[in-house]
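A look at the structure
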Amino acid sequence: SAAIGRRAQIMPKAHDDWTVVPNLWGLVVAPPGFMKSPALADVMKPLHRLEAEAYQENEVAVGAWLAEKERTALVNAATKAKALAALKNNSGAEIDTLLTEPGAPVATRYICNNFSLEALGEVLMSNPNGALAFSDELCGLLKMLVKTGNEGLHDFMLSAWAGDAPFTFDRVGRGLNRRIDHVCMAVLGCIQPGRLVEHVTGAADGGGGDSGLMQRFQMLTWPDLREEWELVDRKPDSAAREAAYAVFERAVGRGPLVGFEDESVGPGTPDVRHFDAEAQAAFY
């Protein structure tokens, strides 16, 4: 979900224009000691690798940008000096046009771990496909979202679940009309059953916790765990791992997303699909 983001979308009805972004929120629920974190860490490896590669690519791009920015400044300084000399002798003299300063490169982001509302907004403005809010212990994020004073972040995340709502920041110091055309955030993390209880109870009792935040976690089940423990010690299947990584590479746009590439849509335009007849009947 985090890798695909807004790239592929579905119109669930045959004629209605209602469109759904396949954005998912998930929680791994289990008591302490049931190895939630190691399992989730393995799941996250493909995205972490993509994030590391994007960081390295951006470092190279920033170096090239700084060099070009310096060259542009020197050329413009020389152009200004030449223009001043020419205008002293002839106020109507033709002067060369100044070069436009190159824009700073934008880092591709896939994961956000710790963020404020404004910082998250900046990330999404530069990454219109969306990103993943990931925390090994998601209880901290849940508590932060319901904390008094964080109503803005709470509302922002509620909007981010749908993946298609616009959002505009107006902040003194950061500027006005800082617009995100489509806010899209997936969420993933771990939580203990006891800590989950307070959030589920708050969402169901009609009090202040019934904003719909917990209901947005579509991929969440109460743990049904075995008490028996079995030692597994085997060599990882490297071929299967690379095949899984390749799926993520395609999902983020580094390769053909088989079955979803539509030559009629341009780069950055979501590939919107309908169900076939059999799937449509199943949906209805």
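Notes on the structure in this doc start here. (Residues numbered from 1 in each chain as written. Predicted model: local features only at pLDDT ≥ 70, side-chain atom pairs only at ≥ 80, totals over all residues. Heavy atoms only, no water.)

1. Side note on the sheet that holds strand β2 (residues 25-29)
- Taken together, the four strands give an open sheet; going across it, the order is β2-β7-β4-β3, and neighbouring strands pair in parallel fashion. Among the strands making up the open sheet, the edge pair consists of β2 and β3 (111-112).
- Packed onto the sheet, helix α4 (residues 151-162) meets β2 and β7 (185-191) and runs at close to 110 degrees relative to β7.
- Relative to the sheet, helix α5 (residues 193-204) contacts β2 and β7, its axis offset from that of β7 by approximately 130 degrees. (Pairing = 2+ DSSP bridges. Helix = DSSP H or I, 4+ residues; strand = E, 2+ residues; numbered from the N terminus. Contact = heavy atoms within 4.5 Å. Axes fitted to C-alpha atoms, helices over the stretch in contact; angles between N-to-C directions.)

2. Quick word on the nonpolar core
- Ranked by size, the top nonpolar core spans 32 residues in total, and within it Leu-27, Leu-120, Phe-156, Met-157, Met-185, Val-187 and Phe-217 carry the most contacts.
- Elements represented by at least two residues in this core include exactly β2, α2 (117-126), β4 (131-137), α3 (139-146), α4, β6 (175-183), β7 and α5.
- Per-element accounting of this core gives the leading share, five residues, to α4.
- Those residues in contact with Met-157 that lie beyond four places of it in its chain are Trp-25, Leu-120, Leu-145, Met-185 and Val-187.
- One finds Leu-40, Tyr-110, Ala-186 and Leu-188 within the second-largest nonpolar core, a separate group that totals 16 residues. (Core = buried A, V, L, I, M, F, W, Y, C linked by side-chain atoms within 4.5 Å. Buried < 20%, exposed > 50% of the residue type's maximum accessible area, 1.4 Å probe, protein only.)

3. Quick notes on the layout of surface pockets
- Looking at the second largest pocket, its volume works out to about 410 Å³.
- Of all the secondary structure elements, the ones that give two or more residues to the lining of the second largest pocket are β2, α1 (36-89), β7 and α6 (238-251).
- When grouped by side-chain class, the residues that make up the lining of the second largest pocket number 17 nonpolar, two polar and no charged. (1 Å grid on protein atoms, 1.4 Å probe; cavity = no way out; pocket = protein on both sides within 12 Å on 5 of 7 lines; lining within 4 Å. Points joined across faces, edges and corners; volume = space filled by probe spheres on them. Nonpolar A, V, L, I, M, F, W, Y, C, P; charged D, E, K, R; others polar.)

4. Some words on the side chain of Thr-72
- With respect to the helices and strands, the residue Thr-72 is situated in helix α1.
- Thr-72 gets classed as buried once you look at its relative accessible area, which sits at 3%.

5. Concerning unusual backbone geometry
- The backbone of Met-35 sits at a positive phi, close to 60 degrees, despite the residue not being glycine.
- Tracing the chain through its elements places Met-35 in the loop between β2 and α1.

6. Here we look at the packing of α1 against α6
- Across the interface, α1 lies against α6 with an axial gap of 10 Å and an inter-helix angle of 55 degrees. As far as their axial angle goes, α6 and α1 are oblique. Between α1 and α6 lies a crossing whose hand is right-handed. Two secondary-structure elements touch here, α1 through Asp-42, Lys-45, Pro-46, Leu-47, Arg-49, Leu-50 and Glu-53 and α6 through Arg-241, Glu-242, Tyr-245, Phe-248 and Glu-249.
- Along the lines of polarity and charge, the residues of the contact of α1 with α6 split into five nonpolar, no polar and seven charged. (Parallel < 35°, antiparallel > 145°, perpendicular 65-115°, else oblique. Left-handed = near helix turned anticlockwise from the far one by under 90°.)

7. Considerations on the state of the cysteines
- Inspection of every chain in the model, using the stated rule, returns zero disulfides.
- Lacking any disulfide linkage, Cys-112 is separated from the closest cysteine sulfur, that of Cys-184, by 12 Å.
- Of all cysteine sulfurs in the structure, the one in Cys-190 sits closest to Cys-139, which takes part in no disulfide; the separation is 12 Å. (Disulfide = S-S within 2.5 Å.)

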